[in-house]
Amino acid sequence: MGRPLLHLPSFASRAALFLGLCTVLLMPEFVACRTRHYTFNIRNHTITRLCHTKSIISVNGKFPGPPLVAREGDRVIVKVVNHVSSNITIHWHGVRQLTSGWADGPAYVTQCPIQTGQTYAYNFTIVGQRGTLLWHAHISWLRSTVHGPIIILPKRNESYPFAKPYKEVPIILGEWFNVDPEAVINQALQTGAGPNVSDAFTINGFPGPLYNCSSNDTFKLRVKAGKTYLLRLINAALNDELFFSIANHTLTIVEVDATYTKPFQATTLIISPGQTTNVLLTTKPYYPNATFLIAASPYFTGAGTVDNTTAAAILEYHRPLTSTDPDHTSNTTTTATSSSSQNLTLYRPSLPPFNATKFPNVTQLVAYLTTSLRSLNSNKFPANVPKTVDKKFFFTVGLGTSPCPRNTTCQGPNGQKFAASVNNVSFVLPSVALLQAYFTGKSAGVYTTDFPANPVRTFNYTGTPPNNTVVTNGTRLVVLPFNASVEVVMQDTSIVSAESHPLHLHGFNFFVVGQGFGNFDPNKDPIKFNLVDPVERNTAGVPSGGWLAIRFFADNPGVWFMHCHLDIHTSWGLRMAWIVLDGPQPNQKLPPPPSDLPKC
């Protein structure tokens, strides 16, 4: 049984309540929340990295893009103006979008793209969330340069559940391509082969000194001794899960995906694309007479090629007894190490080997790091995990193939094209937005509601793969009653190759109640589920050769995308969508679309 429909105010009703509070005309100092306005101008601008100069698409001429800052309960309106020849959408990754599905952003799911010269105002309220999220383009591979941080501060006069940090610093991990990423994915889809990999990883847009022609493109984090810094870590890379470490320093995880966690200490972190992690960095109590490398490198579980390089930044301590404070305004200096610090000892972190297929203990380390995370589960921040389940689903997720067009040669497995699927359905995006088709009742020819709840054919999912690796294609959705409690077990398969899949669910947070290696056992594994304090996320990795179990309440009406956040897997079809029906109350129904919703 799920939660009864008559209960304390739901997230959706609280969204309406907060929106009402924000419109009350009070003196600013007494306003509990406010409306924050942003304008995102999508433009081309020229940038140079690794001695390669090219034009990129960005927001307001910045790479990474500008931060979106708000408090819990605030209403946010972002006017997006498209000045480039490419279509664009923006997704506010992890924002619950309670009854504001028109503002979620994935192209052809909740909206048609914003075309050249057009404008769209994303309008949503942040309810029950605080911490770090990210915004990014959600069409093709434009996310590579169109992304930035979402910083959600606690409500006024409310504090963190940990000591207030001395300073807060966004750290955005990304990928750099010397060529246009759109050309990379277009070539891959045309030839059927795997895509060319990136040329570098980046930290706040800079590859760092370990690459050729990159010593001056190094992010520097300047800190004082004896202080605690809150680092807001974001993985905005297209196709790589990343390890992160700071030499000779321990990090304390206090929040993931805008939900607080029990403090957990580690020297190495794993962050999948789309995930965010807030960590406390406590600096040494004295000036160490040294500098320290901040590094990010890939965690790779597939069978293809990978960018096996390492992005680096510098952690530099402020020298004592000087007249100026280099971090009095910002910790985001982007020049190379100054001459005064070049003679200091530079310590480097020891990151795990990138290729987990050759080093199985690396996958074990990742499993330890992910299963060690727990929800804070305090009186103020409870873990409302569904204890019982109304709707159960078992999804196989993984790679496959699609036939090569007649009289052509393809470069994928066995002369075919790479494909990816959920329950062997490679999801085809329609030419109109799913949400609009659903809302207007014009679904015929756009989608069907017969997505399989279980694999059509059972096999040894992590053993010897079947001979037939060809996927089916379709735009098939699942319909959920409002407020149903849902359990989804996602099983990786060894078809083509076993591989980790960071799955992102739009419109919801979910609880990771279990995970393991091998085939999921429906008789033995659920007994071990954590229904007390499981970590709450919006993006979580299905382990390579393993399974992941999540639970959530379907308390948000609309159409919601779920997909692998490795963009190549999404491009190959590892994606699906849920329809959540309206609830009985007015504030549990999807409102009509805004008047400026883009048209296809």
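Residues numbered from 1 in each chain as written. Predicted model: local features only at pLDDT ≥ 70, side-chain atom pairs only at ≥ 80, totals over all residues. Heavy atoms only, no water.

1. Here's the deal with the sheet that holds strand β33 (residues 575–580)
Paired through backbone hydrogen bonds, the strands of a sheet run either parallel or antiparallel to each other. Applicable threshold: Any two strands are treated as partners once DSSP identifies two or more bridges connecting them. Numbering of helices and strands runs from the N terminus; a helix is a DSSP stretch of H or I covering at least four residues, while a strand is a stretch of E covering at least two. Working convention: axes come from line fits to C-alpha atoms, limited for helices to the stretch in contact. Angles between N-to-C directions cover 0 to 180 degrees.
Pairing within the open sheet is mixed, and its five strands lie in the order β25-β33-β32-β27-β30. Single-partner strands in this sheet number two, and they are β25 (477–480) and β30 (539–542). Taking each pair of neighbouring strands and ignoring which way they run, the sheet shows an average axis angle of 25 degrees. Relative to β30, strand β27 (residues 501–505) runs antiparallel, the two sharing four bridges. Among the inter-strand pairings, Pro502 is bridged to a residue of β30, identified as Gly541.

2. A closer look at the nonpolar core
Let me state the cut-off plainly: Among the buried residues, those of types Ala, Val, Leu, Ile, Met, Phe, Trp, Tyr and Cys that are joined through side-chain atoms within 4.5 Å form a nonpolar core. Remark: exposure states derive from per-residue accessible area (1.4 Å probe, protein chains only) relative to the maximum for the residue type, with buried under 20%, exposed over 50%, and partly exposed in between. Here a residue-residue contact requires only that any non-hydrogen atoms of the pair lie within 4.5 Å.
Core analysis: the biggest nonpolar cluster contains 134 residues, and Trp92, Leu231, Phe395 and Trp578 have the highest contact counts within it. In contact with Leu231, not counting residues within four places along its chain, are Val169, Ile171, Leu221, Ile246, Thr277, Asn278, Val279 and Leu281. The next biggest cluster of nonpolar side chains, apart from the first, holds eleven residues, and it includes Val489, Phe511, Phe520 and Ala549.

3. Some points on helix α2 (residues 181–191)
Burial in α2 covers these residues: Pro181, Glu182, Val184, Ile185, Ala188 and Thr191. Buried residues belonging to α2 abut β2 (52–59) and α5 (567–572). Immediately downstream of α2, the backbone of Gly192 shows phi near 85 degrees, a positive value.

4. Re the environment of Thr48
Selection rule: Definition of a polar contact: a pair of N or O atoms within 3.5 Å, with one able to donate and the other able to accept a hydrogen when the atoms are protein atoms, and with sequence-neighbouring residues admitted only if both atoms are side-chain atoms.
Considering the arrangement of structural elements, one finds Thr48 in strand β1 (residues 35–49). Thr48 sits 169 residues away from Asp217 along the chain, and the two C-alpha atoms are 9.3 Å apart. Once residues lying within four places of it in the same chain are set aside, the contact partners of Thr48 are Thr53 and Asp217. Of the polar contacts made by the side chain of Thr48, one reaches the side chain of Thr53; its length is 2.5 Å.

5. Comments concerning the side chain of Arg232
Among the structural elements, Arg232 can be located in strand β12 (residues 228–235). What Arg232 contacts, discounting residues up to four positions off in sequence, is Gly131, Thr132, Ile151, Leu153, Tyr160, Glu168, Val169, Pro170, Ile171, Thr277 and Asn278.

6. Brief notes about the UniProt feature "domain: Plastocyanin-like" (unreviewed entry) in the chain
Note the threshold: UniProt positions are given in the numbering used here, feature names are shortened, and annotations may be inferred rather than shown by experiment.
Those places that UniProt annotates as "domain: Plastocyanin-like" (unreviewed entry) correspond, in this numbering, to residues 42–156, 168–318 and 452–582. The distance separating the terminal C-alpha atoms of residues 42–156 is 32 Å; by composition the span is 0% helix and 46% strand. With 5% helix and 42% strand, residues 452–582 has end C-alpha atoms that lie 22 Å from one another.

7. Section: the state of the cysteines
Let me state the cut-off plainly: The disulfide criterion is simple: two cysteine sulfur atoms within 2.5 Å.
Tallying each qualifying case throughout the model produces three disulfides. One disulfide in the model links Cys112 with Cys600; its S-S distance is 1.9 Å. Linking Cys112 and Cys600, the disulfide has an S-S dihedral of approximately -100 degrees and is accordingly described as left-handed. Of this pair, Cys112 sits in the loop between β5 (90–93) and β6 (119–125) while Cys600 sits in the segment after β33, and the two are 488 residues apart along the sequence. Residue Cys404 pairs covalently with Cys410 via a disulfide, S to S 2.1 Å. The sign of the S-S torsion, about 85 degrees, decides the handedness of the disulfide formed by Cys404 and Cys410: right-handed. Here Cys404 matches Cys410 in class, with each residue buried.

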